[in-house]
Amino acid sequence: MTESSGNNDNYAWGDSFLSRIDPRVKIVAVAGLLAVNLAGASYLVSAAIATFMALLMVLGRIPYRRQLLMIAFPFTFALFAITSQAVFKGSDIVASLGPFDFHLDGFYHGLFLALRIIAGGLVVVVLGVTTPLNRLCLALRWFRAPATFVEVVQLTYRYLFDIHAEFSRMHEAQRSRLGWSSAGAGLASSRMLGGSLFLRVYERGLRSSEAMRCRGAGNVVNGTLSPPGRLDLVAGITVSALIGCLIVLALGGPA
Amino acid sequence: MHIPEGLLPAEQAAAWYAPAMAFLGAGLVGLKRRLAVLPSSRPLVGLMGAFIFVISLMPMPVPGLGTVSHPCGTPMAAILLGPLTATVLGSVALLLQALFFAHGGITSWGANIISMAVGGSFAGFAAFKLSRRAGLGLGISAGMAGVVGDLVTYGITSFQIALALHGDESVPYVWGAAFASFLPTQVPLAIAEALFTAGVVVFIANQRAEILDGALMRP
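Residues numbered from 1 in each chain as written. Chains lettered and ligands numbered in written order. Predicted model: local features only at pLDDT ≥ 70, side-chain atom pairs only at ≥ 80, totals over all residues. Heavy atoms only, no water.

Enquirer: Break down empty space enclosed by the protein for me, citing the residues and quoting the values.
Expert: Residues and elements named next belong to chain B. Counting across every chain of the model gives one cavity of 30 Å³ or more. Of the voids in this model, the largest cavity is the one considered here, and its volume is about 40 Å³. Along its surface, the largest cavity is lined by Met 1, His 2, His 70, Asn 112, Ser 115, Met 116, Thr 153, Tyr 154 and Thr 157. Those elements that place two or more of their residues in the lining of the largest cavity are α5 (109–133) and α6 (138–165). (1 Å grid on protein atoms, 1.4 Å probe; cavity = no way out; pocket = protein on both sides within 12 Å on 5 of 7 lines; lining within 4 Å. Points joined across faces, edges and corners; volume = space filled by probe spheres on them. Helix = DSSP H or I, 4+ residues; strand = E, 2+ residues; numbered from the N terminus.)

Enquirer: Give a detailed account of the pattern of salt bridges, specifying residues and quantitative values.
Expert: When the charged atoms of two side chains with opposite charge come close together, those side chains can pair. Residues and elements named next belong to chain A. As enumerated under the stated definition, the model contains nine salt bridges over all chains in all. A salt bridge links Arg 158 to Asp 162, with the nearest nitrogen and oxygen atoms 3.6 Å apart. Highlighted residues: Arg 158 and Asp 162, both in helix α8 (residues 147–177), separated by four residues, approximately one helical turn. The exposure class of Arg 158 is partly exposed, given its relative accessible area of 28%. The exposure class assigned to Asp 162 is buried, which follows from its relative accessible area of 9%. Among the ionic contacts, a cluster of salt bridges with common partners joins Arg 158, Asp 162, Glu 166, Arg 169, Arg 200 and Arg 204. (Salt bridge = Lys/Arg side-chain N within 4 Å of Asp/Glu carboxyl O. Buried < 20%, exposed > 50% of the residue type's maximum accessible area, 1.4 Å probe, protein only.)

Enquirer: Please give an account of the confidence of the model for chain B that cites residues and values.
Expert: With 93% of its residues at a pLDDT of 70 or more, chain B shows a mean pLDDT of 90. The ipTM, which scores confidence in the relative placement of chains, is 0.92 for this predicted complex, and the corresponding pTM is 0.91. (pLDDT = per-residue confidence, 0-100.)

Enquirer: Could you give an account of a nonpolar patch on the surface, with specific residues and numbers?
Expert: Residue and element names in this part refer to chain A. Taken together, the side chains of Tyr 43, Leu 44, Val 94, Leu 104, Phe 107, Tyr 108 and Leu 111 make up a nonpolar region of the molecular surface, amounting to roughly 580 Å² of accessible area. Mapped onto the nonpolar patch, the elements with two or more residues apiece are α4 (43–59) and α6 (104–130). The greatest single-element share of the nonpolar patch, amounting to four residues, is contributed by α6. Note that Tyr 43 resides in helix α4. (Patch = residues over 30% accessible without salt bridge, like charges linked within 9 Å, V, L, I, M, F, W, Y side chains within 5 Å. Areas by Shrake-Rupley, 256 points an atom, 1.4 Å probe, with all protein chains shown as cover.)

Enquirer: Quick one: what's the story with the layout of surface pockets, residue by residue and with numbers?
Expert: By volume, the second largest pocket amounts to about 530 Å³. As for the second largest pocket, its lining consists of 20 residues, of which A:Leu140, B:Tyr17, B:Leu95, B:Ile106 and B:Trp109 are closest to the centre. Elements that contribute at least two residues to the lining of the second largest pocket include exactly α3 (23–40) and α7 (133–142) of chain A together with α1 (10–37) and α4 (83–101) of chain B. Counting residues per element, the lining of the second largest pocket draws most heavily on α1(B), at five residues.

Enquirer: Give a description of the environment of B:Phe203 that names residues and reports values.
Expert: Inspection of the secondary structure puts B:Phe203 in helix α7 (residues 171–207). The class of B:Phe203 is buried, set by a relative accessible area of 17%. With 10 residues separating them in the primary sequence, B:Phe203 and B:Asp213 have C-alpha atoms 15 Å apart. Beyond its immediate chain neighbours, meaning those up to four positions away, B:Phe203 contacts A:Met192, A:Gly195, A:Ser196, A:Leu199 and B:Arg208. (Contact = heavy atoms within 4.5 Å.)

Enquirer: Any details on the side chain of B:Ser56? Residues and values, ideally.
Expert: Residues and elements named next belong to chain B. Mapping Ser 56 onto the fold places it in the loop between α2 (42–55) and β1 (60–62). On the basis of relative accessibility, which here comes to 0%, the residue Ser 56 falls in the buried class. Polar contacts involving the side chain of Ser 56 include one to the side chain of Gln 97, which spans 2.8 Å. Not counting residues up to four positions away in its chain, the partners in contact with Ser 56 are His 2, His 70, Pro 71, Cys 72, Gln 97, His 103 and Met 116. (Polar contact = N/O pair within 3.5 Å; in protein donor to acceptor, adjacent residues only side chain to side chain.)

As structure tokens, then:
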């Protein structure tokens, strides 16, 4: 889990053009695309957004395994949307299974929802994978997000790595001493393990927090974002043009 | 289970955002005050946020629905830090999960905050307090918080899904169907969450009682 998060940041700090785009530009672009995706309520709009984001993922050389992992959750929910709409919506029955009737018009509406979920999921994925959390926090502060909120985001992110490190250490220690005798024994010890993990990470955090305070570390994110450059301008214009086209499509295209 | 990006219609997404931001704002005001008075509580705050992130990212497939359910973690945070602070931590965990794993979403963040961060925290905390008032022990009360917070979270999520996907059926019918579909996986998960919450809270009480907030622990 945290390893994956770490990989996220490793990629996000990489040399892809997507990673170099100013996070403020990305946040505005993501907000615009998500708003159009929801408010547009059109197959074409969601399909265009999904295609654009998929293209960005390929051009940005986001590893395929990472792409598949991140799209897995929206994809399962897209299937759920298709099934539920086929059952709950429409009047044109095409098949029956026990108490459930499947409707063609509901199925089509489910497909639209699935497309909207995948398009929205891809937009969030691209933002998450290509933006280091520290830069995202700086951008949030630039947009006047409350300092306490940004601090909690950073604290939570940082403790994920501490939990991962302590859990790995305890897991290895237990395996080398006892092995995993049975599922029952594992379950019985999980509460004690959970408590021990909690206290170990807490004490480690307390020590580093005190050390940081002694060194004069502030509570809120440090650093500044450099002014937007040419790449940011190009990215902003491209996404603005895309959003403009999508709005025209939503207003005039088929619903 | 978190509602993904794009599932909710725009007006419902906006409607869930309004109360979610009110709870989040109130939680942030309280947390800011807490951190100013007690700077040493930062590690506990960060740790609980990370715990919620990890616990609510343990997926278990729901047969027939094609989606997953998971424990929440917010009831335990509410016992240790209070329900409003737990709301902030749950909200942050949901935001990070959306960004790192597309588990949840940005426009559905408000709805997810209401179900997991607000519902799980407040219902769990209320169950804990009521159990303590009824004279139950710390472990059993914490366990009650785990089970109630977990099931209330899924009740609210099922309602949100029913509201968004009821189609031509009535909302109560789809709500009932969605909640019933979650029960085969959610009941064992709620019991597991109860055992875990009880175990961790009792362990902390035995080993490092000073971490526990006396005011929160009192009946």
